[in-house]
Every structure is written in structure tokens, then in C-alpha cells.
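Chain by chain, the residues run as shown.
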Amino acid sequence: MAQKVTIRDLAEAAGVSVTTVSQILNGKGDRFSNDTRDRVLKLQEKLGYVPDYNARNLIMGSTQTIGVLVPNLANPFFSMFIKGIQQVAQSHHFVPIIFDANQNQKLQSMYLEELIKRAANGLIIASATLDANDIDRILTRNGIPYLLFDQNDAQIGDRVWVDDYKGGQMAANYLLSQGHRRISLLVGQDITHNIQQRISGFRAGMAKYHLTLADEMVVQTSMTKLGGYQATATVLAKKPTAVFCINDEMAIGLYRGVQEQGIKIPDDLSIMGYDDIDLADFVTPKLTTIHQPAFEMGQVATELLIERLNNPRLTHQDKQLPLELITRDSVKLIQSGIH
Ligand code: RIB
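Residue numbers here run from 1 along each chain, matching the order of that chain's written sequence. Side-chain atom pairs in this predicted model are given and counted only at pLDDT of 80 or more, local residue features only at pLDDT of at least 70, and totals for whole chains, interfaces and linings cover all residues. Hydrogens are left out, water is left out, and the side-chain values use all remaining heavy atoms of the structure.

Draft legend 1. Main features of the UniProt feature "domain: HTH cro/C1-type" (unreviewed entry) in the chain. UniProt positions are given in the numbering used here, feature names are shortened, and annotations may be inferred rather than shown by experiment. When the UniProt feature table is mapped onto this chain numbering, "domain: HTH cro/C1-type" (unreviewed entry) sits at residues 2–28. The straight-line gap between the two end C-alpha atoms of residues 2–28 is 30 Å; of that span, 59% is helix and 0% is strand. Strands here mean DSSP runs of E at least two residues long; helices mean DSSP runs of H or I at least four residues long; both are numbered from the N terminus.

In C-alpha cells form, the structure reads like this:
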């Protein structure tokens, strides 16, 4: 097997020093002539030289790496969030290392250890399984900057966030304005703080109409399409006119479950979601939901973290982004104007 091309090989071929090659490849080549820079870059491509990761780390004193820990990579909300991270990381010459370890403390600790071994510059954490003590023990003591997001809002460190309480109120107000009074709530099994805020906001929205959400109208399942599907019989047994699902994935799973029973959405049962993942616009009927700006949150999270890396003594950064009600076709108006 051919030997890996080294920086020395490239320097010799270009007739310059290793330091010159390193500075040109690391964007610090302004002091050299255009001819030298072009020659090194052309030869790098010809020889197929890729800078050695560890050597670069030693020279730059940085791995240019951001660790990203999310609850569930398979959920489109988190994949959009990650796309936003990727776009900003790339523009700042950072590489994101992404993993999910929801509710799996052992796996998460292993991942975090590996990130520290790789001298990751910072972390973006959305998974709730890392509490404030873990963060202090594993990150703060290792001097690793972090930014908390979404399910992990341990109220420490820099944050990008949306008002989940308001999002729950928006969902309740909309269903109630469409005349629904017997509403079921489909929520996850492990209720994280941000989801709890969403539920509390929903209850507050009902209270404004002098209604309370009875506990027996709340159904718990996993926050996935399968979870929504498996909850079908339990939800239907509540005989609601509308179901508010705490994320779009559950709503889409519930769609399949009720439609298999011959139930029509929204004529027989109205369904509403939360997140506004891309699928929401492609199911039939299109899903009414609350839009979370996942891509923008990923962009802002990365900008704030890189800002922190460049200026560790920066004062606390806290950026709120807006939610939006997206009315499509899955909620029926059953009675207008009643209060
Ligand atoms: O769909 C995943 C859900 O978990 C989203 O609502 C997001 O806010 C996260 O908490």
C-alpha cells in the first residue's frame, strides 16, 4: 500500500520549507508570493496531501472540532438543527462530531470522554441526560466551553432557546378557537423541562377558556412515529375531537393509526403537531403545527459557541428565537366564535 504523503514530501516537491507549507495550508500564506502559494496548492492536489490531524492540532493548538450531542439523530427536528450547525461550523473551518445518546448515560459518558481525548474545542448539548453536575465535572473542569439547547436547558452556560410555554399556549389557543373542547394531549414518556413547559403552556391556554386538561386526557408514548402509532387505541378511547401531539413525529404516527381505523382527519378527528418538520407538509392532510426554527437554532448555537471559543471571558450569551403557528389542513373548525 502506498505511503501516506507527508508535509515534508510536499515541501520538497515545492522547493519550500515545511513551515511555509503549513502556513500556506492554514490560511496564513499572505507573506509568500502568489507563485509560491499557487505552486504549493497545486502540488498538494497533485500529490493528494491531506494535513495530519494531530500534527495540525499541535501547530494550531486547536482541533477545530465541535462535539454535538442530540437526543435522537433519526428525528428530522435534530437533523435540521445539525444542518444549521454544519453550515456555520464549515464557514469557520470547524468540523462537527455528532452523536446521539438519548437516555443512555453510559454511551453518553463514553462519547464525551472520546471528545475530550480528541481535544474538541467545544460542545453543543441538546440531550437531557447531561445534567448540571455532569457538565461541571466533565466539561467545566476540563475547560471545555459548551452551549445548552432544547431538552438540555440546565440554565447554565450560553443558550439559544425558544419559549416552549408560549408554544403550548399557541397550540391550545388555536384548537380552542376552532371550537374544540374535548382535547387529548399526546406526550413523551421521559418528560424533559422544555416539553414540560410546552404542556404547562397548553394547560394555561385552556385555563384562559376556563377549561382544565383532565389527567386522563393525557396519553404518554415514545416521541417517535412508532410511539404515535402505538398510542392510537388509547387516544381514540378518550373520544377527543382533537389531539395535540407534543411533536410532529408522534402526530404522523397517530395519522397512520387512526386512518387504518377508517377515521378521517380532520372530519372525524383533528390532529396538531409541534416542530414543523419537512414531513408535516407532505402527509395527507398537511399537518397543522407550531414551527420551531431548528435550522436557525443550529446556526445561532454554533455562532455563540465559536464566539465563546474566541473570547472565553465574554459575558453570558442568551439568544431567543421565535415560534410560529402553521395552520394547514389537519384541524377542523367545529364551532366558531364560542368562548
Ligand atoms: O421532535 C423532537 C422534540 O424534542 C422537539 O419538539 C424538540 O423541541 C425536542 O425537545
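Draft legend 2. View of the domain arrangement of the chain. For the domains described, the bounds stem from an automatic or database domain assignment. For the chain, the domain assignment lists domain 1 (7–59), domain 2 (63–162 + 294–322) and domain 3 (164–291). Domain 1 and domain 3 are separated by 57 Å when their C-alpha centres are compared.

Draft legend 3. A look at the sheet that holds strand β8 (residues 242–245). Only when DSSP finds a minimum of two bridges between them are two strands counted as paired. Strand order in the open sheet made by the 4 strands is β7-β6-β8-β9, with parallel pairing throughout. The two strands at the open ends of the sheet, each matched to only one other strand, are β7 (218–220) and β9 (270–272). Adjacent strand axes in the sheet meet at a mean angle of 20°, parallel and antiparallel pairs treated alike. For β8 and β9, the ladder comprises 3 bridges, and the chain directions are parallel. The axes are straight lines fitted to the C-alpha atoms, using for helices just the contacting stretch, and the angles between their N-to-C directions are given from 0 to 180°.

Draft legend 4. Quick peek at the sheet that holds strand β11 (residues 318–320). Strands sit in the order β2-β1-β3-β4-β5-β11 across an open sheet of 6 strands; the sheet is parallel. Only two strands of the sheet have a single partner each, and these edge strands are β2 (95–100) and β11. Neighbour to neighbour, the strand axes of the sheet diverge by 15° on average, direction disregarded. Bridge count for strand β4 (residues 146–149) against strand β5 (residues 158–161) is 3 bridges, and the pairing is parallel. Its bridge partner being in β5, Leu148 is matched across the sheet by Arg159. The criterion used for residue contact is that any of the two residues' heavy atoms lie within 4.5 Å. Strands β1 (65–70), β2, β3 (122–125) and β4 of the sheet are contacted by helix α5 (residues 76–91), whose axis makes an angle of about 170° with β1. Strands in contact with helix α6 (residues 105–117) are β1, β2 and β3; relative to β2, the strand with the most contacts, it is inclined by about 165°.

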